[in-house]
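Spelled out, the chains give:
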Amino acid sequence: MSKIPVYMMPGLAASSNIFERIVLPDAIFEIVLLEWEIPLDNETLAEYAKRISKKIIHPNPVLIGVSFGGILVQEISKCINTRKVIIISSVKSNLEFPRRMKVAKTTKAYKLIPTNLLANVESLSKFSFGTTINKRLKLYEKFLRVRDKLYLDWAVEQIILWDRTIVDENVIHIHGDEDDVFPIKYIQNCIVVKGGTHVMILSKYKWFNENLPKLILE
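Calculation rules
- Residues numbered from 1 in each chain as written.
- Predicted model: local features only at pLDDT ≥ 70, side-chain atom pairs only at ≥ 80, totals over all residues.
- Heavy atoms only, no water.
- Helix = DSSP H or I, 4+ residues; strand = E, 2+ residues; numbered from the N terminus.
- Buried < 20%, exposed > 50% of the residue type's maximum accessible area, 1.4 Å probe, protein only.
- Contact = heavy atoms within 4.5 Å.
- Areas by Shrake-Rupley, 256 points an atom, 1.4 Å probe, with all protein chains shown as cover.
- Expected span 1.5 Å × (residues − 1).
- Polar contact = N/O pair within 3.5 Å; in protein donor to acceptor, adjacent residues only side chain to side chain.
- Salt bridge = Lys/Arg side-chain N within 4 Å of Asp/Glu carboxyl O.
- Axes fitted to C-alpha atoms, helices over the stretch in contact; angles between N-to-C directions.
- Parallel < 35°, antiparallel > 145°, perpendicular 65-115°, else oblique.
- Nonpolar A, V, L, I, M, F, W, Y, C, P; charged D, E, K, R; others polar.
- Pairing = 2+ DSSP bridges.
- Right-handed = clockwise from strand over helix to strand, strands pointing away.
- Core = buried A, V, L, I, M, F, W, Y, C linked by side-chain atoms within 4.5 Å.

Draft legend 1. Quick look at the overall build of the chain. Looking only at helices and strands, one finds nine helices and six strands in the chain. A buried classification covers 46% of the 218 residues belonging to the chain. A separation of at least 24 residues holds for 65% of the contacts in the chain among residues at least 6 apart in sequence. Here the chain displays about 11300 Å² of accessible surface, and carbon together with sulfur accounts for 55% of that area.

Draft legend 2. Helix α7 (residues 149–160), seen in detail. The terminal C-alpha atoms of α7, which comprises twelve residues, lie 17 Å apart, in line with the 16 Å expected from a rise of 1.5 Å per residue. Within α7, burial applies to Tyr151, Leu152, Trp154, Ala155, Val156, Gln158, Ile159 and Ile160. Two or three places before Leu150, at the opening of α7, Asp148 has a side-chain oxygen 2.9 Å from that residue's backbone nitrogen.

Draft legend 3. Highlighting the pattern of salt bridges. Counted according to the given criterion, the structure contains eight salt bridges. Between Lys55 and Glu37 there is a salt bridge whose closest N-O contact spans 2.9 Å. Of this pair, Lys55 sits in the loop between α1 (45–53) and β3 (62–66) while Glu37 is found in the loop between β2 (29–33) and α1, placing the two residues 18 residues apart along the sequence. Using a relative accessible area of 41% as the deciding quantity, one classes Lys55 as partly exposed. The residue Glu43 makes a salt bridge to Arg51 at a minimum N-O spacing of 2.8 Å.

Draft legend 4. Summary view of the packing of α1 against helix α2 (residues 68–76). It is the contact of α1 with α2, at a shortest axis distance of 8 Å, that shows an interaxial angle of 80 degrees. Regarding the angle of α1 to α2, the classification is roughly perpendicular. Together, Leu45, Ala46, Tyr48, Ala49, Ile52 and Ser53 of α1 and Phe68, Ile71, Leu72, Glu75 and Ile76 of α2 make up the contact between the two elements. Here the residues of the contact of α1 with α2 are counted per class, giving nine nonpolar, one polar and one charged.

Draft legend 5. Summary view of the environment of Leu152. Relative to the assigned elements, Leu152 resides in helix α7. On the accessibility criterion, Leu152 (0% relative accessible area) is buried. A sequence separation of 113 residues divides Leu152 from Pro39, and the C-alpha atoms of the two residues are 9.7 Å apart.

Draft legend 6. View of the pairing of strand β4 (residues 84–88). Within β4, five of the five residues are buried, which leaves the element mostly enclosed by the surrounding structure. Strand direction decides the pairing type here: β3 and β4, joined by five bridges, are parallel. Paired with Leu63 across the strands is Val85, a residue of β4. Crossover connection from β3 via α2 to parallel β4: handedness right-handed. Relative to strand β5 (residues 172–176), β4 is paired through three bridges, and the arrangement is parallel. When the sheet's bridge partners are listed, Ile88 is paired in β5 with Ile174.

Draft legend 7. Examining the nonpolar core more closely. Trp36, Phe68, Leu72 and Tyr151 are the most contacted members of the largest nonpolar core, which totals 34 residues. Sorting the residues of this core by element identifies β1 (4–9), α1, α2, β4, α3 (99–107) and α7 as the ones contributing at least two each. Here the element with the most residues in this core is α7; it accounts for seven residues. If near-sequence neighbours (up to four positions away) are discounted, Leu72 is found in contact with Met9, Trp36, Leu45, Tyr48 and Ala49. Residues Ile22, Ile88, Val193 and Leu202 belong to the second largest nonpolar core, which totals 24 residues.

Draft legend 8. The arrangement of the pairing of β1 in detail. A large share of β1 lies buried, amounting to six of its six residues. Burial of the side chains of β1 extends over both faces: Ile4, Val6 and Met8 are buried on one face and Pro5, Tyr7 and Met9 on the other. Examined bridge by bridge, β1 and β2 share five bridges and lie parallel to one another. The residue of β2 that forms the bridge with Val6 is Ile31.

Have a look at this one:
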């Protein structure tokens, strides 16, 4: 029997190294890691998803996406047939966005986000922001892969302006009850991971290693 292909897409600007602790039974699954690419001029999210979908060479794969990667794999699933779509620390439609993101869309405040700071996270880490923020910065420093300002500006805009309002009921949604980017109170119909934060793909990897195989096979 051939292995089940599992394609994994990291979150905004992140490297596929965020999946380094995810281990699925090798006899059953074949993991393929996807990476972000710089968007083309005026490329829409749908066009970008179609371009990335060309990198998926197996028929009927499982798609797993974290955060913005979760949004992207839902768009990719419009282009190809899939066995399962699993999103982690993400949203199924813009109705699950927190209020601040909806306000940012209305006021276009997202255009004011200093994405150049993300691109130069090392300089940020030289300042003292307190223990929690410094830990988060160390994670960013390790796992942030795409530092191109064009990509970062594009990605933030694609998230804020994502126009999906109808949820795909087949999407499996895994979400932490301590997610500070997409708070759980706005999320409907998900598998809740107790104590899971927005970066729980790193901190709760044991939960994922135990439960992902069952979720894929059921």
